[in-house]
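Here are the chains, one letter per residue:
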Amino acid sequence: MGDHQYSLDLYKHLGRRSLLPLVSPPVTTARRDVKTGDFYATRQSVPTTDLPDLNNVQGDVIYLFPKKAENFVFFRINNVTTFRTALQSFKPTTAEDVKDNLTSIAVSKANAADPSNAPIVDISQYQIAFSRAGMYFLGVNEDTGDARFDKRCMSDDKQFLGDQRYWDPIFVKTNPNPVNGSVHDDAGALHGVITVAASSPETCTKASNDVIKLFGSSITVAGGKPVEGRARPPPFKGHEHFGFMDGVSQPCLRGLVVPRPGQIQVDPGVIIMGYPGDHVRDDPTAKVKRPAWTKDGTMLVFRKLEQSVIPFEQYVQQNGPRWREFIPGGNIIPALNKEEAEDLFAARLIGRWKSGAPLAKCPFRDDKAMAGDPDRNNDFDYVVSDNPNISRFEPSDYYCPFTAHTRKTAPRNLHPYIDAKFLESGSIVRGGLPYGGEVTDQERRDVANGKPELPRGLLFNCYMSSLDSGFVRQTLGYAGNDYWPITSLVPQKKGQDPILGSPPVYTPAQIQGTSPSVKSGDRVDLQLTGKDGTTFEVSGFAKVTPKGAAPPPGEPNPFFVTSRGGEYFFVPSVSTLKSWASTTTTTTSKLDIIFVLDATGSMQVYIDKVRDTLQTLCENLVGTGKWTAGDLRFGLIVFRDHPPQDSTYITRPYPFDSDISAVKANLANLQANGGGDGPEAQCDAFAAIVNAGWKDEATKVAILITDSPPHGIGEDEDGFPKGCPLQNDPVRLVNRMAKLGITLHVLACEPTLSMDFSTPLDFYKGMVQKTGGRFLPLSDVNSLIGLFTGSILETADINALVVKHSAEVCAQAKNQKVSSNDISKSLYSRLSSSAKVDTFTVEDIYAANAQGDQNVQVWLNAEQLDSKTTSQIKDVTGFRLKSGYRNGGTPAMSSKTQPVSLDQVETVVRMCLARAT
């Protein structure tokens, strides 16, 4: 017995299921016991010549989970380390497991006296998938090879996909970017979805709770609970809410699925990455290649599609009586009754009857026997062979409209205009279940009285190896394309899919004088002139409705399906999941970096250099293994001065963003200009630092680049000698930074800062020490990347020690007999042999000066900028820079991991105490 017949016999009790595993008849298999007559199930295997590994492909992808309930647990990852630990214990259901489950169900039915009433096989099945933002969050930075997925979230494509209504909040990203995509912006992004499918709602709920418990605090479930799908109750089993049998037509993956007559067959790579049919794999000219870890993976698209069932019913009821206007040939004997007429009108919208019978083979009345026969319900094309007036060699809409949903999205026999291989490449495996309750008579009365219909619809999910070839092509190239299917060398407008299409947006215009003599379908070229004289040329095909004439049945189509959002996901193979779960996480926290840039006249070269080094900085940080690209956010604060010194702006903040290109674009638009007296609006920039949108869990780094002092610290020729006109006290603000855990680094543009001003050197040195930061000379603009990288890496390691030892330091500090120096020495004695820190060393280019050191201590201990503080600051005589650096120069710098120093431990203790006050 061959594989095909053996598989049909094995699964014959699975009804009309369109995805049956193709299995070989080995010696041990599902068999009947000679004495009892019972069947027994054993594991099957299929020759794997260039076929996906069923033990490595997650379970819903090829055969779809058998289910009566399905929950989608959308989530964000809170902690990568604990998430990976939980992922190690997560057991995804494989395609091989699904094959076994189907065999068990088939055997249970075979052993039952009445297969339709066989005992339920209690099963729970699991699958996990990740968004691109979620993969970045996990540290998976390599592209998948899917151009859309690697750049765009579905929120970026909302308008592109034709979604015109509001989305459910869990699918709405904070800052979508329709132009460039927003996968690098983690704000509001979903990180993944766990699919839980089961044999009953009760089992599904328990399994969902178990998996949420497994991941625990490592995730936050979006919306607080799973999104629930449930099979409709009898007699609507297998039907969606409009009443149509769902899932009748699925692509048959060659070598994996039993092909039924007429079923569209596709190469496995159309659905599963890394195999023939995967266009990235098959295209030798493709610029992007798939990484090895994508093999046996696939793309998942989830869409929540809300159905307006009651208006759909009313629409069908209104148009059904006009059946003679749309029935092929104009009449039929015996005439259609009311129910038959309405069902025919609805079937012409879908392309199938509610039973699942194809309209192309049953153009007048439903044929439930054909619908229930899997050897006939897909064995059709759209050739009209029984009407001599219609060519058998051209596509025709005589029996089935070109716009019918199934004809739009699963096109057949478009030869010679469209190649069959192209149609195969656009196939998707479709799954999902309805959501929401059944429509009741009471609800119909409520809607008639003006109340809104209760939410219900379809939780749609589908699989393909390429988003653009599969889901996007079906949504826009097929369903939303007025000219699809292509049935002529001359474009012919047919209209959109009445189910998935979107209503067109019309711009009304009037023709002056007599209407042109054209008929529907004629090509028309119009030239329109607006009131402002602008001329528009419009070319297309006419659709003429004479005055007073009723529009054809069904027009205009109001559309009854509304997208409530969704997302793109990657479904990794089982082996890739194991690899991701076992990857060591070295990230101690997220990393927020904000650049604070003096944008007055002399600073353009520094602004440009920050822009040019930003990508390298990101790569350097990610390259350490301490963070992923998704862990990094960059913010920007630029400042000038107060009027009348400068009348353009005081400060201009830009919010944190994970998209490097967006930050670089902001920098590219900055022009250094203005300023006035010397001191600038650093005080106001400090206020902006404090109020930036820092993540609580992030290591927080602010980097000030300036060649000038702030107002009010005693500099000569200060236009605001009493300080900031807006009362922003720089000392109080820096103390606040220390309290909030924000580390401030100052990069001093030398020799200008120390040669042109007398006060800022000591001031800035004192300020940065409050926060655990560094005062670093920027005497060569080309050293910027080294200064950035070195200071940030050291800050991260110091911050990790602060987090780890804060409790014990604060506990010791409560003992008034123990000084901070004693705490530092005690902690250093324990850490010196065990703790290592990425230590950044820069050659000191400043001349030793005792008075300057005293000034630094005054600023370090200051609580606010007042006369008590400034009176203690003394003039410093002599050059502040060493002679070799008074005209510029590049100091030596190095960064290496070494045992923590006493100075660093003192910084740790100071930061611990500052955050506790």
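Look above for the structure.
Predicted, not measured: the structure shown is a model, and the values here were computed from it.

Engineer: So what exactly am I meant to see when it comes to the packing of helix α18 (residues 730-740) against helix α20 (residues 760-771) here?
Structural biologist: A pair of packed helices is captured by two measures, namely the crossing angle of their axes and the spacing between those axes. Two elements in contact, α18 and α20, have axes separated by 8 Å at closest approach and are oriented at 25 degrees. As far as their axial angle goes, α20 and α18 are roughly parallel. Judged by residue contacts, Pro730, Val731, Val734, Asn735, Met737 and Ala738 of α18 engage Phe763, Met767, Lys770 and Thr771 from α20.

Engineer: Whenever I open this one, the side chain of serine 108 confuses me. Can you help?
Structural biologist: Here serine 108 is to be found in helix α3 (residues 95-111). Serine 108 gets classed as buried once you look at its relative accessible area, which sits at 16%. From its side chain, serine 108 meets the backbone oxygen of proline 119 in a polar contact 3.0 Å long. Beyond its immediate sequence surroundings of up to four residues, serine 108 is in contact with Ala118, Pro119 and Val121.

Engineer: What is the right way to look at unusual backbone geometry in this model?
Structural biologist: A negative phi angle characterises most non-glycine residues, just as the trans form characterises most peptide bonds. With an omega of 0 degrees, the peptide bond running from isoleucine 333 to proline 334 counts as cis. Residue position: proline 334 is located in the loop between α7 (309-319) and α8 (338-350). In the segment running from proline 643 into proline 644, the intervening peptide bond is cis, with an omega of 5 degrees. When you line up the elements, proline 644 lands in the loop between β17 (632-639) and β18 (651-657). With a phi angle near 35 degrees, asparagine 413 is a residue other than glycine that sits in the positive phi range. Mapped onto the fold, asparagine 413 is located in the loop between α10 (405-409) and α11 (420-425). The backbone of glutamate 717 shows a phi angle near 60 degrees, a positive value even though the residue is not glycine. Among the secondary structure elements, glutamate 717 is positioned in the loop between β19 (698-706) and α18. Accessibility expressed as a relative area gives 69% for glutamate 717, which makes it exposed.

Engineer: Is there a simple way to think about the packing of aromatic side chains in this case?
Structural biologist: The way to describe two aromatic rings as a pair is by their centre distance and the angle between their planes. Counted according to the given criterion, the structure contains 32 aromatic pairs. A ring pair is formed by phenylalanine 326 and phenylalanine 345, whose centres lie 5.5 Å apart and whose planes are at 55 degrees; its orientation type is tilted. Here phenylalanine 326 is found in the loop between α7 and α8, whereas its partner phenylalanine 345 is found in helix α8, with 19 residues between them in sequence. Classification of phenylalanine 326 as buried rests on a relative accessible area of 11%. According to the relative accessible area criterion, phenylalanine 345 is buried, its value standing at 5%. Joined through ring pairs, the aromatic side chains of Phe75, Phe83, Phe90, Tyr126, Phe130, Phe215, Trp293, Phe570 and Trp580 make up one cluster.

Engineer: What should I look at first to understand the sheet that holds β18 in this one?
Structural biologist: Backbone-to-backbone hydrogen bonds pair the strands of a sheet. The strands run either parallel or antiparallel. Across the sheet, which stays open at both edges, the 6 strands sit in the order β18-β17-β16-β19-β20-β21 with mixed pairing between neighbours. Taken across any chain shown, the strands that pair with only one partner, and hence form the sheet edges, are β18 and β21 (775-778). With strand direction ignored, the average angle separating the axes of adjacent strands in the sheet is 20 degrees. Where β17 and β18 come together, 5 bridges link them in antiparallel fashion. Within the sheet, the bridge partner assigned to valine 638 lies in β18 and is arginine 652. Across the sheet, helix α17 (residues 682-690) is in contact with β16 (590-598), β17, β18, β19 and β20 (742-749); its angle to β17 comes to roughly 155 degrees.

Engineer: Got a minute to help me understand the nonpolar core in this structure?
Structural biologist: One recurring pattern in soluble globular proteins: nonpolar side chains tend to sit buried together. Counting residues in hydrophobic clusters, the biggest one holds 133 residues, and the most contacted among them are Ile62, Phe74, Phe83, Ile128 and Phe215. Core analysis: the second largest hydrophobic core is formed by 46 residues, Val183, Val610, Val638 and Leu670 among them.

Engineer: Sorry, what's going on with the environment of serine 24 here?
Structural biologist: Among the secondary structure elements, serine 24 is positioned in the loop between α1 (3-10) and β1 (31-32). Between the C-alpha atom of serine 24 and that of threonine 839, which follows or precedes it by 815 residues, the distance is 63 Å. In this structure the side chain of serine 24 is engaged in a polar contact, spanning 3.3 Å, whose partner is the side chain of aspartate 3.

Engineer: Help me understand the pattern of salt bridges, please; the structure alone is not making it clear to me.
Structural biologist: Close approach of charged atoms allows side chains of opposite charge to pair. For the coordinates displayed, the defined rule picks out 40 salt bridges. Arginine 254 is the partner of aspartate 267 in a salt bridge, and the nearest nitrogen-oxygen pair spans 3.0 Å. Here the residue aspartate 267 occupies a position in the loop between β9 (265-266) and α6 (279-282), and arginine 254 occupies one in the loop between β8 (252-253) and β9, the gap between them amounting to 13 residues. Overall, the relative accessible area of 19% leaves aspartate 267 in the buried class. One connected set of salt bridges, linked through shared partners, spans Arg148, Arg152, Asp157 and Asp468.

The rules behind each value
Residues numbered from 1 in each chain as written. Predicted model: local features only at pLDDT ≥ 70, side-chain atom pairs only at ≥ 80, totals over all residues. Heavy atoms only, no water. Axes fitted to C-alpha atoms, helices over the stretch in contact; angles between N-to-C directions. Helix = DSSP H or I, 4+ residues; strand = E, 2+ residues; numbered from the N terminus. Parallel < 35°, antiparallel > 145°, perpendicular 65-115°, else oblique. Contact = heavy atoms within 4.5 Å. Buried < 20%, exposed > 50% of the residue type's maximum accessible area, 1.4 Å probe, protein only. Polar contact = N/O pair within 3.5 Å; in protein donor to acceptor, adjacent residues only side chain to side chain. Phe/Tyr/Trp six-rings, centres within 6.5 Å; stacked < 30°, edge-to-face > 60°. Pairing = 2+ DSSP bridges. Core = buried A, V, L, I, M, F, W, Y, C linked by side-chain atoms within 4.5 Å. Salt bridge = Lys/Arg side-chain N within 4 Å of Asp/Glu carboxyl O.

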